[in-house]
Amino acid sequence: MANEVVIVGGGVAGCATGYYLAKAGVGVTIVEREGVGTQASGYSAGGLNPLQGAGIPGPLGPLAIESFRMHRSLWGPLGDESGVDFHPKTVSGLRLASDDSEIEELQETLDIFEAAEDFSARWMDAQDVREVEPRVASGFSRALYTYGNAALDSYLFTLALSKAAQTMGATVRQGAVTGLKRTTGDRASGIALEDGGLDCDVVVLASGPWSAEAERWIGSPIPVEPYKGEILRMELPGPPLASDLSSGHISLYQRAEGLVWIGATEERRGFDREPSQSARQTLMDGAVELMPAMSEAKLVKHTACLRPLTPDWLPIIGRAPNLDNVYLATGAGKKGILISTGMGKAVADLITDGRTELPIEPFAPERFL
């Protein structure tokens, strides 16, 4: 078993890996360029939706549901270990449909929810919807009500993983990693930094949208690109939303600080992290169309972040090709918060035991060779 592991990246994937390694008694140093949870992990809406999204149903499904169960098992212990309340909760959702094609799509979602343990779904007509949330716009003929997904504050969750790992002996330090230190062709002896370096037994690369920078370090492809997403946080007069709402590409989420979040855009804009006026207008227009009362809401914060996206929309988890002691935990796209538990535990298992029970076979780095 490794005695000292350096993790490059202080987002949720890196911090989850550090947490599970520290729990196994391994020495861990997390190196982050700008700070823990300062990128996409700190700006996500924090939705834990294991039955929906790219790769689900499909290759991501088994890891998604197992990661979801791991999240639920952490809700109490992680708060106690870290002293951080990351506001986890089970949520309901209303997905509104205005035409037959949307209803057909939602029928598939209903079937999936009905078949899953601890999840439920049912149809609602317009009157049912208004009883749940009277501010919803007219024009929606039906809606699918779901229950069983969860949500948390993604920044505080990432921070909790980091702090809990530190209470178990891990170290977090700021620094810009410039490469790997190599002793032989198939092993790394540490990392190089702008201001020096660190020696270690194992390196984990978990630098999110910037992961492709490490291709030249390891000599194999890491095809991760930035995928920009913008969210508005609004102060809405009146009572809080009784349920998360969505229609088309717009979703409204009630979050712990009492704000309604409008999310989220999806754009390939390189490494542009600046909030844009065009995205703000798109989000507001969609929110008002979904719920006219949003026109009275006050903008509190407009955020933009970069998600790490791979060509097949699946994460990269496992040992780097041709290197015995370098591992990858990146590329989770829009599912990073959800599958962070599975990614972190799987990589920790590989480092400590040489194997994992978690279903990560479809996500091996070798698939891009």
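Please refer to the structure higher up on the page.
About the criteria used
- Residues numbered from 1 in each chain as written.
- Predicted model: local features only at pLDDT ≥ 70, side-chain atom pairs only at ≥ 80, totals over all residues.
- Heavy atoms only, no water.
- Helix = DSSP H or I, 4+ residues; strand = E, 2+ residues; numbered from the N terminus.
- Rg over C-alpha atoms; globule rule 2.2 N^0.38 Å.
- Buried < 20%, exposed > 50% of the residue type's maximum accessible area, 1.4 Å probe, protein only.
- Areas by Shrake-Rupley, 256 points an atom, 1.4 Å probe, with all protein chains shown as cover.
- Contact = heavy atoms within 4.5 Å.
- Expected span 1.5 Å × (residues − 1).
- Arc of directions from axis to C-beta.
- Salt bridge = Lys/Arg side-chain N within 4 Å of Asp/Glu carboxyl O.

(A) How the structure looks around the overall build of the protein. Counting its secondary structure elements, the protein contains nine helices and 18 strands. Against the globule reference of 21 Å for 369 residues, the protein gives a C-alpha radius of gyration of 21 Å, in line with a compact fold. For the C-alpha atoms alone, the extent of the protein along its principal axes is close to 70 × 40 × 40 Å. Out of the 369 residues belonging to the protein, those deemed buried represent 56%. Put simply, the protein shows about 15300 Å² of open surface, and 48% of that area lies on carbon and sulfur atoms.

(B) How the structure looks around the environment of Asn-49. Structurally, the position occupied by Asn-49 is in the loop between strand E3 (47–48) and helix H3 (61–82). Owing to a relative accessible area of 27%, Asn-49 belongs among the partly exposed residues under this scheme. Sequence-wise, Asn-49 and Glu-66 are 17 residues apart; in three dimensions their C-alpha atoms are separated by 12 Å.

(C) Seen up close, the environment of His-87. Looking at where His-87 falls in the secondary structure, it is placed in the loop between H3 and strand E4 (89–97). The class for His-87 is partly exposed, based on a relative accessible area of 33%. The spacing of His-87 and Leu-283 is 196 residues in sequence and 25 Å in space, taken between C-alpha atoms. Excluding its chain neighbours within four sequence positions, the residues that come into contact with His-87 are Ala-151, Leu-152, Asp-153, Leu-156 and Ala-256.

(D) Fine view of helix H4 (residues 100–115). The end-to-end C-alpha separation of H4 is 23 Å, in line with the 22 Å expected for 16 residues at 1.5 Å each. When H4 is considered as a whole, its buried residues turn out to be Ile-103, Leu-106, Thr-109, Leu-110 and Phe-113. Viewed along the axis of H4, the buried residues span an arc of 115 degrees, placing them on a single side of the element. In this structure, H4 carries Asp-100, Glu-104, Glu-105, Glu-108 and Ala-115 as exposed residues pointing more than 90 degrees from its buried face. Contact partners of the buried residues in H4: E4, strand E5 (120–125) and strand E6 (142–151).

(E) The arrangement of the pattern of salt bridges in detail. For the coordinates displayed, the defined rule picks out 16 salt bridges. Note that Asp-272 is salt-bridged to Lys-228, the shortest N-O span being 3.0 Å. One end of the pair, Asp-272, is in the loop between strand E15 (260–263) and helix H8 (277–290); the other, Lys-228, is in strand E12 (residues 225–235), and 44 residues separate them in sequence. Asp-324 is the partner of Arg-319 in a salt bridge, and the nearest nitrogen-oxygen pair spans 3.7 Å. In this structure Asp-324 comes out as partly exposed when scored by relative accessible area, which is 36%. Put simply, Lys-228, Glu-230 and Asp-272 are held in one network by salt bridges that share partners.

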